[in-house]
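# Structural characterization, general
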Amino acid sequence: MSRWLWLSFIFLFIPQVVWASEKEEWIIQVRNESDMKYINADVLDVMGTFAKVMMTEEEREHVSHLPFVVRIEKNDRKRAATNDPLFVEQWSLPVIRWTFPSLTSTNHFIGKLMNVDGQMETYRGEAVNGEHIVFTMGEERVTRISVTLDHVEGPWRLEVKDSNGEILGENEGELQRIDVLIPRFSSTIHLHVIASDWQQAPRIIQMKAVNHVVVAVIDSGIVLHEDFGDHILYSLSVDYAEKKRYAEDTFGHGTHVTGILAAVGNNGKGIAGLIGDAPIDILPIKVLDRYGVGGDFEIAKGVKYALDHGASVINLSLAGQGETEVLRSIIAEAVKRGVHVVAAAGNSHMATTNVYPASYPGVMTVAAVDREQMPLSISNYGWDVEISAPGDFLISTYLSGYRTMRGTSMAAPHVSALLAILRAMYPEEDALQLRKRVWKTAKDVHWRGYDIYTGYGMIRWQQALALSAPLGIDWLNLQPGQPIAKNRTYILALSSPFVGKQGHLFVNGKLVYSFNVDREMMSFRLFDLAQQQGDIAVVITDDQKRVVASDVRLVPIRMTSFSDVNRTHWAYDAITQAKQRGMIRGYPDGTFRPHVSLTRRQSIIMLYRLLSWEAPSVLRSPFSDVPLTSTDALAVVTAAEKGVVKGSGGRARLDEPLTRGQLALLLTRALQLDNEPIRSVYPFQDVTQRDVWLAVQLLAERGLIAKHAFFRPNDPVTRAQMCAIMVRVSTLIRQHSTK
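All values reported here derive from a predicted model rather than from experimental measurement.

Right, let's get into the overall build of the protein chain. When its secondary structure is counted, the protein chain shows 15 helices and 33 strands. At 30 Å, the protein chain has a C-alpha radius of gyration in line with the 27 Å of a compact globule built from 739 residues. Referenced to the eigenvectors of the C-alpha coordinate spread, the extents of the protein chain come out at roughly 105 × 65 × 55 Å. In the protein chain, buried positions account for 57% of the 739 residues. Surface summary for the protein chain: the accessible area is close to 31,300 Å², and the carbon and sulfur share equals 50%. Separation of charge centres in the protein chain, based on 78 positive and 81 negative side chains, amounts to 8 Å.

What follows is the structure, given as structure tokens:
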């Protein structure tokens, strides 16, 4: 007997931690076009003496004092004028930076030659009398055909065939409009309208052929609401909960979820759905009854129906405790096929550990945030949470009219809509790449980096659409900082171009396992391989050891104090900030040992964490004393390739103490300052080595080291001193975007 999944609503407040001001779009006006090259910010576009840039408030303050800057203004956003009366109440849309999708649905029948009962003409959308219509489509690919009749007297049937008379798709019912999904290409399409025993022959008032992405909403069904358009495939809907002919909503939840996705915008009614008029269809599948309850078996049948009908995205705004093989296996099949399964985290303010379908591997689990972009009080949390979206009292369509609802159920369709739009915009990218677009562009809204309450952060619509194509490599059930569990299998997903390459698994920078990539989803018992916790990195190489893809996940720092660093220590603030920013971790016994001399290894690791270096382009160590199987090898190889670490006599000598002069060289190389001109000279009387002198001057000019008469280049650097310098470096990077 299947377990029941319940939708629950509970309230609890969770505070937000703000780490740094977010970058926003500004417009800078300079005196002359030639001054543009001096703007030290992320320039997005230029028009004459105006530049659109991304800056934090701190960067804006700095740029405003530059002598060639005339003015700085916010790039104020305007929204499409809409006559939807409830649009102003849709607070979630500006929060996620939503805009009406530029993609629009196209009727591919328009302008095509058609043969109506033997007569040839061009279809322009007019009404047609006929029972057999043939369209010549050429190279146009269509995924759905819909026919609407002028009246209905009883059951009728729509059959779609190819030129050989083989069925492409068929459907029947008593609705005025019937939809048929087309699973394969055909250059010629035959439509057969069969209305047996009707007193009056039907007249076709509309025929549509579209190439759409299908989003399956597995929920309590829908009602034929005034605010729904022809993107809702009601004639193809199915009811596994109450066994009715169509997915008729008797609870209201499914209609609310569907409205967030697909309510028609600019129609003078209600709200605007996220997908606008983009080429996206909604397939309603009812698995929850009039009380909002459904069993795993029915939900599994719903997922299977979605897969059988070509869904690219499956929205599961439902959650409950208890796992069954029937649901687990069909969701695993969906993930394997590259279908996005989006699930609500649940609304019980509890861990997702035993909440399903949220905790099945490969599911994109969505938590909810409120208007202040803080975790919604009722939202579940845990390592299964990947992303978050607005979910606090959102207005949408309902059984009769409109109403507000709150919960992760309302957050999930925000993510499903974004994934569907991405699928429509970037059909050449696979599911992994589109999934990464969502979390790589998310806004960090709670704890710094990934956290179990909001995942990678809150979705940002425009940023996800604009991101360049990411590499298709991702862990399906392992998040940054998640402890490696014994007896658990972790799944690494890879895009098909990487099959046949070599894979290399690093833990704490140490190569622990190499393997052949022989399929797109590979399973690993990470604890058995590593026997320890730590940073996890996967590097994919070709037969020349060239890196073609990588996934590097650094373990976040737990916010605890060091036992040997009290508030009276001169570097207490610097050490605390270095820990907050992910640069240091201390020793297993809870100490930091601030007065101990810093080693070359430790300095490289701190830079590696601070600058978030990717894997090297070639996986080969240049140092005889740093084999890939040694701890921190990956960071050292990366630093060597970037020219930060040079070594001596073919050796890195990682465990030797680092001198202040050596640190100056490392920093200027890491920050790519070594070719910068020196604008001011400071009298460091004890620095005689030319390259060290240049490095010290560059660092002093940027405020990274003190401008004293003596630098003491041969003195060792303590761990506390390194923290102080690294915090200054971090601040410099944040203010000036120096890489």
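Having seen the model, we can carry on.
Here the focus is the packing of aromatic side chains. Applying the stated criterion to the full structure yields 19 aromatic pairs. Both rings, one in Phe-109 and one in Phe-135, keep their centres 3.8 Å apart while their planes meet at 10 degrees; by these two values the pair is stacked. Taken as a pair, Phe-109 in the loop between α2 (92–95) and β6 (113–116) and Phe-135 in strand β8 (residues 132–136) lie far apart in primary sequence, 26 residues in all. Considered together, Phe-109 and Phe-135 belong to a single accessibility category, that of buried residues. For the ring pair Trp-447 and Tyr-453, a centre distance of 5.4 Å and an interplane angle of 85 degrees mean the geometry is edge-to-face. On the basis of relative accessible area, Trp-447 is assigned to the partly exposed category, the value being 41%. Ring pairing ties together the aromatic residues Trp-383, Trp-439, Tyr-450 and Tyr-456, which thus form one cluster.

Another point: the nonpolar core. When a protein is soluble and globular, its nonpolar side chains tend to lie buried together. Ranked by size, the top nonpolar core spans 72 residues in total, and within it Ile-575 and Ile-584 carry the most contacts. Breaking this core down by element, the ones donating at least two residues are β32 (536–541), α10 (572–580), α11 (600–611), α12 (633–641), α13 (660–670), α14 (690–701) and α15 (719–736). Top element by residues in this core is α15. It accounts for 10 residues. Of all hydrophobic cores here, the second largest spans 64 residues; its members include Ile-275, Val-342, Leu-419 and Met-458.

We now examine unusual backbone geometry. Pro-357 follows Tyr-356 through a cis peptide bond whose omega is 5 degrees. Despite not being glycine, Gln-373 has its phi angle at roughly 60 degrees, a positive value.

Where α13 meets α14, the axes come as close as 9 Å, and the angle between the chain directions of the two elements is 65 degrees. Taken as a pair, α13 and α14 cross one another with a handedness that is left-handed. Contacts between α13 and α14 involve Gly-661, Ala-664, Leu-665, Leu-667 and Thr-668 from the former and Asp-691, Val-692, Ala-695, Val-696, Leu-698 and Leu-699 from the latter. Residue composition of the contact of α13 with α14, grouped by class: 8 nonpolar, 2 polar and 1 charged.

Note that His-504 resides in strand β29 (residues 502–507). Within polar-contact distance, the side chain of His-504 engages the side chain of Thr-541 at 2.9 Å. Every residue in contact with His-504, bar those within four places of it in the chain, is listed here: Leu-511, Tyr-513, Ser-514, Phe-515, Ala-537, Val-538, Val-539, Thr-541, Lys-545 and Leu-619.

Let us now look at the packing of α11 against α13. Where α11 meets α13, the axes come as close as 12 Å, and the angle between the chain directions of the two elements is 25 degrees. The orientation of α11 with respect to α13, classified from their angle, is roughly parallel. Every pair of crossing elements has a handedness; the one defined by α11 and α13 is right-handed. Note on element contacts: α13 touches α11 through Gln-662, Leu-666, Leu-667 and Ala-670, opposite Arg-600, Ser-603, Leu-607 and Leu-611. Of the residues in the contact of α11 with α13, the class split is 5 nonpolar, 2 polar and 1 charged.

Right, let's talk about the sheet that holds strand β15 (residues 213–219) for a bit. The pairing of strands in a sheet comes from backbone hydrogen bonds and takes either a parallel or an antiparallel form. Taking strand neighbours across the sheet as the criterion, the 7 strands line up as β16-β17-β15-β19-β21-β23-β24 in an open arrangement whose pairing is parallel. Across the chains shown, the open sheet's two edge strands, defined by having one partner strand only, are β16 (238–239) and β24 (385–390). Lying over the sheet, helix α3 (residues 253–262) contacts β15, β17 (280–286) and β19 (313–316), oriented at roughly 155 degrees with respect to β15.

The next thing to look at is the environment of Arg-660. Here Arg-660 lies in helix α13. The buried category is assigned to Arg-660, whose relative accessible area is 18%. Along the backbone, Arg-660 and Val-717 are 57 residues apart, and their C-alpha atoms lie at a distance of 5.6 Å. Residue contacts for Arg-660: discarding those within four places in its chain leaves Phe-711, Arg-712, Pro-713, Asp-715, Pro-716, Val-717 and Gln-721.

Quick look at the pairing of strand β11 (residues 167–173) now. Sheet topology places strand β10 (residues 156–161) next to β11; 6 bridges connect them, and they run antiparallel. Across the sheet, the residue bridging to Leu-158 is Asn-171, located in β11. If you look at the hairpin formed by β10 and β11, you'll find 5 residues sitting between the two strands, and Gly-165 has a positive phi there, around 80 degrees.

Take the sheet that holds strand β12 (residues 177–181) next. One open sheet holds the 3 strands; their spatial order is β12-β9-β14, and the pairing between them is antiparallel. In the strand order of this sheet, the two ends are held by β12 and β14 (204–210), each with one partner. Each strand of the sheet is rotated relative to its neighbour by a mean of 10 degrees, with strand direction disregarded. As defined by bridge partners, strand β9 (residues 144–149) adjoins β14 across 6 bridges and the pair is classed as antiparallel. Residue pairing across strands places Arg-144 opposite Val-210, the latter belonging to β14.

Counting buried residues along β15, 7 of its 7 residues qualify, which places the element largely inside the surrounding structure. Across 7 bridges, β15 lies against β17 in parallel orientation. Bridge assignment links Val-217 to a residue of β17, and that residue is Pro-284. Direction of pairing for β15 relative to β19: parallel, over a ladder of 3 bridges. Counterpart to Val-217 in the pairing with β19 is Asn-315.

For His-253, the location among the structural elements is in helix α3. Within the structure, the side chain of His-253 is placed 2.7 Å from the side chain of Asp-219, a separation counted as a polar contact.

This part takes up the pattern of salt bridges. According to the stated counting rule, one finds 36 salt bridges in the structure shown. With its nearest N and O atoms 3.9 Å apart, the salt bridge here joins Arg-525 to Asp-528. On the accessibility criterion, Arg-525 (34% relative accessible area) is partly exposed. For Arg-712, the salt bridge is made with Asp-715, and the minimal N-O distance between the two is 3.0 Å. Classification of Arg-712 by relative accessible area gives partly exposed; the value is 42%. Judged by its relative accessible area of 30%, Asp-715 falls in the partly exposed class. Each of Arg-157, Glu-159, Lys-161, Glu-170 and Glu-172 takes part in a single network of salt bridges with overlapping partners.

The rules we used
- For every chain, the first residue of its written sequence is number 1, and the numbers climb from 1 along that sequence.
- For this predicted model, a pLDDT threshold of at least 70 governs which residues receive local features, and a threshold of 80 or more governs which side-chain atom pairs are given and counted, while totals over whole chains, interfaces and linings are taken from all residues.
- Computation of side-chain values: all heavy atoms of the structure, hydrogens and water removed.
- Helix numbers and strand numbers start at the N terminus; a helix is a DSSP run of H or I with at least 4 residues, a strand a run of E with at least 2.
- For a compact globule the rule gives 2.2 Å times the number of residues to the power 0.38, and the radius of gyration it is set against comes from C-alpha atoms.
- The rule is simple: take the accessible area with a 1.4 Å probe, protein chains only, and divide by the maximum for that residue type; under 20% is buried, over 50% is exposed, in between is partly exposed.
- Residue-level accessible areas treat just the shown protein chains as cover; the underlying method is Shrake-Rupley with a 1.4 Å probe.
- Counting rule for charge: Lys and Arg are taken as positive, Asp and Glu as negative, and neither His nor the chain ends is counted.
- Where a charge sits is defined by one atom per residue type, namely NZ (Lys), CZ (Arg), CG (Asp) or CD (Glu).
- Classification of ring pairs rests on two measures: the distance between centres of Phe, Tyr or Trp rings, Trp counted by its six-membered ring, which must be within 6.5 Å, and the angle between planes, read as stacked under 30 degrees, edge-to-face over 60 and tilted in between.
- By convention a nonpolar core is built from buried Ala, Val, Leu, Ile, Met, Phe, Trp, Tyr and Cys residues, the set being connected through side-chain atoms within 4.5 Å.
- Working convention: axes come from line fits to C-alpha atoms, limited for helices to the stretch in contact. Angles between N-to-C directions cover 0 to 180 degrees.
- The sense of a crossing depends on the near helix, which, turned anticlockwise from the far helix by less than a right angle, makes the crossing left-handed and, turned clockwise, makes it right-handed.
- Note on definitions: a residue-residue contact is assigned when non-hydrogen atoms from the two residues lie within 4.5 Å.
- Any residue that is not Ala, Val, Leu, Ile, Met, Phe, Trp, Tyr, Cys, Pro, Asp, Glu, Lys or Arg is counted as polar, Gly included; the first ten are nonpolar and the last four charged.
- Side-chain atoms alone can form a polar contact between residues adjacent in sequence; in general such a contact is a pair of N or O atoms within 3.5 Å, and within protein one must be able to donate a hydrogen while the other accepts it.
- For classification purposes, angles smaller than 35 degrees are called roughly parallel, those larger than 145 roughly antiparallel, those between 65 and 115 roughly perpendicular, and all remaining angles oblique.
- Only strands joined by at least two bridges in the DSSP assignment are considered to pair.
- Any Lys or Arg side-chain nitrogen found within 4 Å of a carboxyl oxygen on Asp or Glu counts as a salt bridge.

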